[in-house]
Amino acid sequence: MSGNDTPCTVEARQGVSVLYRGRYLFSRYEPQKPLQKTLETFTILPESLVLCLSPVLPFTVDLIREKIEKEAIPGCFILCAETDPVLYDFYIKQKQNSSPPNPPMQHSPVQKGGEKSISCPDAVCPDAAVLFKKEEEIARLLDGEDFSPRYSGSPLPAIGFFRRVLVLEASGTAALYADFYKALFSYAQNSIAVFWKNRMTLVRLGRLFSRNVLKNAARIAARSASSVPLIPASLNRPILVAGAGPSLDALIPFIKRYAQKLYIIAVDAAFRPLYDKGIRPNALVTVESQVISQRSLIGARRSGIPIIADMCARSANLRITEGSLSFFISEYAKLPLLERIKKALPELPVFPPLGSVGLAAVETALFLRAEGTSVFTCGLDFSYPAGVSHCKESPSQKEGHASSGRLMPAGNPASAFRDGAFFIEGKGGTHLACDPALHSYAELFSARYKNAANIYDLSLSGAKTGLPFLTEKEAGGLIEREAGRLPERAADCPAEIGAASVEAFYIEEKKRLYTLRAALTGESPLSTEALKALLEECSYLYIHFPDGHRGPSLSQSFLNRVRSEIDIFIKDTEGAASLASLDG
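Fair warning: this is a prediction, and the values are worked out from it, not measured in the lab. (Residues numbered from 1 in each chain as written. Predicted model: local features only at pLDDT ≥ 70, side-chain atom pairs only at ≥ 80, totals over all residues. Heavy atoms only, no water.)

Q: Give a description of the pairing of strand E17 (residues 431-434) that names residues and reports values.
A: Alignment of strand E16 (residues 422-425) against E17, held across 4 bridges, turns out to be antiparallel. Each residue of the ladder has a partner; that of Phe-422, found in E17, is Cys-434. Taking the residues between adjacent antiparallel strands as the criterion, E16 and E17 are bridged by 5 residues, where Gly-428 takes a positive phi near 75 degrees. (Pairing = 2+ DSSP bridges. Helix = DSSP H or I, 4+ residues; strand = E, 2+ residues; numbered from the N terminus.)

Structure, rendered in structure tokens:
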């Protein structure tokens with residue numbers, strides 16, 4: 001390594017600068033002044049993750065910390081981001097040689113929740129340094145991944161401690177890697193935004209998710225003869241995934257023509273649009289946990305159509321068709337309960353929390369297909385023409401027609417102009433209505449599936465998904481070639497799922513709940529450590545609390561709220577165990 005490739009300190013008129021690759025990374029006259037001027041007008045809000053880009057020297061962090069402590073801003077953490085390994089090592093060495101006000105540096109993973117909040121204004125604002133090789137690594141860091149030995153400093157709190165990300169360019173190196181740091185900031189900002197969006201969903205529906213999971217585990221055992229596990233790579237037949245977007249209407253004749261040669265996986269809302277046209281789906285996918293989802297299955301009673309459901313799905317809906325039941329787990333939160341479910345039912349596939357039934361249907365298709373088998377998608381539009389949000393015969397369309405009249409015509413064009421809605425350029429240059437939720441699903445769909453092999457889009461309209469498009473003629477030729485493959489299933493599927501492990505699961509779950517209730521009522525007190533450990537095991541009791549992401553608290557108000565939840569889940573657990581005939 002030449003001398004120019006090694007950073008070295010250089011005496012400046014007021015302080016120390018750094019010379020690296022023939023470039024001064026700070027002013028040769030007043031190294032601290034540019035950052036000081038920036039901080040004078042820079043607003044730091046409480047609970048901010050402050051990204052200090054390429055700090056190089058410890059004074060950059062000290063200046064930021066000084067402002068935070070002077071203004072008594074609570075809940076902040078300074079994360080020094082570096083992408084140059086040489087400068088990262090140089091900073092660590094300079095930091096160790098200085099006298100930092102916070103504890104000695106150490107390699108440390110992300111802090112896992114708990115009561116150790118950094119929001120105390122009297123505490124020294126902690127900091128850490130990370131060497132990032134790829135922009136997306138910051139999302140994994142915030143999600144809890146251990147980056148040792150590329151992480152040095154105070155433990156990074158769980159992502160729920162932060163409300164926003166702020167950026168400060170500490171040295172001249174930040175400009176050299178401007179695109180990298182811009183993407184790094186975007187990933188961090190998106191991770192925190194997604195976390196809080198998911199938190200709002202959990203606050204509203206978290207209790208319902210957990211209750212449905214407990215009920216559906218029993219349903220697997222109770223109907224073991226008709227509970228069919230999803231077997232990976234088990235289908236040698238071309239698979240078509242049908243959503244309920246407006247583009248489905250144009251493809252109905254095509255689907256009907258090739259229905260016998262396709263394995264049709266339909267989202268629940270697409271059941272009636274297909275069934276009313278004489279197309280019987282091979283399976284329906286449902287993920288919705290609320291009662292409103294039942295309208296999608298009107299007319300499906302005793303049809304015998306198999307249902308593939310998220311464990312969070314509304315349990316009552318799964319009895320309607322009286323067909324076979326298959327489940328998958330989407331990890332809506334990091335709960336010990338879900339780990340216990342996975343241990344009791346190891347045959348259940350685990351999918352990421354995708355949020356959309358359309359994405360869940362595609363994920364299911366990719367899980368089931370054998371190697372080389374094609375998957376076709378249609379009706380997954382993630383957008384809509386103003387006034388037409390779904391395909392014909394879908395529940396929303398039928399309800400719109402049923403409630404229409406001379407003074408209130410069918411359709412809902414107002415939805416395209418409500419707060420938060422916007423228009424996007426879709427396939428073929430058409431302009432379609434969209435909203436933040438649909439747009440995020442479209443982006444997730446594209447990022448997750450555009451590089452997958454042998455997956456094609458048949459829809460002429462809708463948001464751009466990044467999938468290769470096939471005309472009906474091209475798709476038909478591909479179906480004809482693949483449909484001749486035998487056997488249809490590439491793997492044998494077990495006929496029954498044993499109930500013994502589920503029985504043990506419910507016995508242990510009831511024991512936990514009864515023990516916790518006895519401790520909280522004073523009937524059988526526990527030590528502080530034992531009580532906290534039991535609360536962590538039963539985190540589904542409070543995951544939907546607004547402050548549930550911070551972990552269990554031993555404050556009386558928190559314990560009172562937990563106590564009010566226990567009886568609800570005891571009733572659900574006992575009812576589920578009885579359903580599965582586990583109580584004898």
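Once you've had a look at it, read on.
Q: Break down the nonpolar core for me, citing the residues and quoting the values.
A: Counting residues in hydrophobic clusters, the biggest one holds 63 residues, and the most contacted among them are Leu-240, Leu-248, Ile-255, Leu-274, Phe-376 and Leu-458. Setting aside anything within four residues of it in sequence, one finds Leu-274 in contact with Ala-242, Leu-248, Ile-252, Ile-255, Ile-264, Ala-266, Ile-279 and Pro-281. Counting residues in each nonpolar core, the second largest holds 50 residues, with Ala-218, Ile-341, Phe-569 and Ala-577 among its members. (Core = buried A, V, L, I, M, F, W, Y, C linked by side-chain atoms within 4.5 Å. Buried < 20%, exposed > 50% of the residue type's maximum accessible area, 1.4 Å probe, protein only. Contact = heavy atoms within 4.5 Å.)

Q: Describe in detail the side chain of Asp-381, supporting the description with residues and values.
A: Looking at the secondary structure, you find Asp-381 in the loop between strand E15 (375-378) and helix H11 (395-402). There is no salt bridge for the buried Asp-381, and the closest opposite charge comes from Lys-427, which lies 5.3 Å off by N-O distance. At 2.5 Å, the side chain of Asp-381 and the side chain of Ser-247 are in polar contact. (Lys, Arg positive; Asp, Glu negative; His and termini not counted. Salt bridge = Lys/Arg side-chain N within 4 Å of Asp/Glu carboxyl O. Polar contact = N/O pair within 3.5 Å; in protein donor to acceptor, adjacent residues only side chain to side chain.)

Q: How would you summarise the pattern of salt bridges if you had to cite specific residues and measurements?
A: Per the stated rule, a full pass over the model turns up 26 salt bridges. With a closest N to O distance of 3.0 Å, Asp-276 and Arg-272 form a salt bridge. Between Arg-563 and Asp-567 there is a salt bridge whose closest N-O contact spans 3.3 Å. Placement of both Arg-563 and Asp-567 in helix H16 (residues 556-579) is noted, with a separation of 4 residues, approximately one turn of the helix. With a relative accessible area of 35%, Asp-567 lands in the partly exposed category. A network of salt bridges, in which partner residues are shared, links Asp-62, Arg-65, Lys-95 and Asp-127.

Q: Run through unusual backbone geometry, naming residues and quoting values.
A: Note the cis peptide between Ser-148 and Pro-149, where omega equals 5 degrees. Tracing the chain through its elements places Pro-149 in the loop between helix H4 (137-142) and strand E7 (151-153). Of note in the backbone geometry, Ala-233 takes a positive phi value of approximately 55 degrees without being a glycine.

Q: Can you tell me about the sheet that holds E7, naming the residues and giving the values?
A: A sheet is described by the order of its strands in space; here 5 strands give the open sequence E7-E6-E5-E4-E8, paired in mixed fashion. Whereas interior strands pair on both sides, the edge strands pair on one side only; in this sheet they are E7 and strand E8 (164-169). Ignoring which end each strand starts from, the neighbouring axes of this sheet average 25 degrees apart. Of the pairings in the sheet, the one linking strand E4 (residues 48-53) to strand E5 (residues 77-82) comprises 5 bridges and is parallel in character. Bridging across to E5, Val-50 finds its partner in Ile-78. Helix H2 (residues 59-70) contacts E4, E5, strand E6 (127-131) and E8 of the sheet and is inclined by roughly 160 degrees relative to E5. Those strands touched by helix H3 (residues 85-97) are E5, E6 and E7, and its axis lies near 155 degrees from that of E6. (Axes fitted to C-alpha atoms, helices over the stretch in contact; angles between N-to-C directions.)

Q: I'd love a proper account of the packing of helix H1 (residues 33-40) against H2, names of residues and values included.
A: At a minimum axis distance of 10 Å, the contact between H1 and H2 shows a crossing angle of 25 degrees. By the angle class used here, H1 and H2 are roughly parallel. Here the hand of the crossing between H1 and H2 comes out right-handed. Contacts from Leu-35, Gln-36 and Leu-39 in H1 reach Thr-60, Leu-63, Ile-64 and Lys-67 in H2. The residue inventory of the contact of H1 with H2, partitioned by class, reads 4 nonpolar, 2 polar and 1 charged. (Parallel < 35°, antiparallel > 145°, perpendicular 65-115°, else oblique. Left-handed = near helix turned anticlockwise from the far one by under 90°. Nonpolar A, V, L, I, M, F, W, Y, C, P; charged D, E, K, R; others polar.)

Q: Outline the environment of Leu-478, supporting the account with residue identities and numerical values.
A: On the secondary structure map, Leu-478 appears in helix H13 (residues 472-483). Of the residues examined, Leu-478 reaches a relative accessible area of 13% and is grouped as buried. Spatially, the C-alpha atom of Leu-478 lies 8.2 Å from that of Ser-374, the residues being 104 residues apart in sequence. Once residues lying within four places of it in the same chain are set aside, the contact partners of Leu-478 are Ser-374, Phe-376, Tyr-456 and Leu-470.

Q: How would you sum up the sheet that holds strand E14 (residues 350-351)? Please name residues and give values.
A: Taken in spatial order, the 8 strands line up as E14-E13-E12-E11-E10-E9-E15-E18 in an open sheet, and their pairing is parallel. Strands at the two margins of the open sheet, each flanked by one partner only, are E14 and strand E18 (455-457). Where helix H10 (residues 357-368) meets the sheet, its contacts fall on strand E9 (239-242), strand E10 (263-267), strand E11 (283-286), strand E12 (307-310), strand E13 (325-330), E14, E15 and E18, and the angle it forms with E10 comes to roughly 155 degrees.

Q: Just give me the short version of the packing of aromatic side chains, but keep the residues and values in it.
A: Scanning all chains against the criterion turns up 18 aromatic pairs. Centroid distance Phe-132 to Phe-147: 6.5 Å. Interplanar angle 65 degrees. Geometry classified as edge-to-face. Of the two residues, Phe-132 is situated in the loop between E6 and H4 and Phe-147 in the loop between H4 and E7; the sequence distance between them amounts to 15 residues. Ring geometry for Phe-195 against Trp-196: centres 5.1 Å apart, planes inclined by 85 degrees, an arrangement best described as edge-to-face. For the pair shown, Phe-195 and Trp-196 are each scored as buried. What links up through ring pairs into an aromatic cluster is the set Tyr-177, Phe-180 and Tyr-181. Across from the ring centre of Trp-196, 4.2 Å away, lies the NZ or CZ of Arg-163, which sits over that ring. Taking NZ or CZ as reference, Lys-197 lies 5.9 Å from the ring centre of Tyr-441, over its face. (Phe/Tyr/Trp six-rings, centres within 6.5 Å; stacked < 30°, edge-to-face > 60°. Lys NZ or Arg CZ within 6 Å of the ring centre and 35° of its normal.)

Interpretation note: all reported values are geometric properties and have no functional meaning in isolation.
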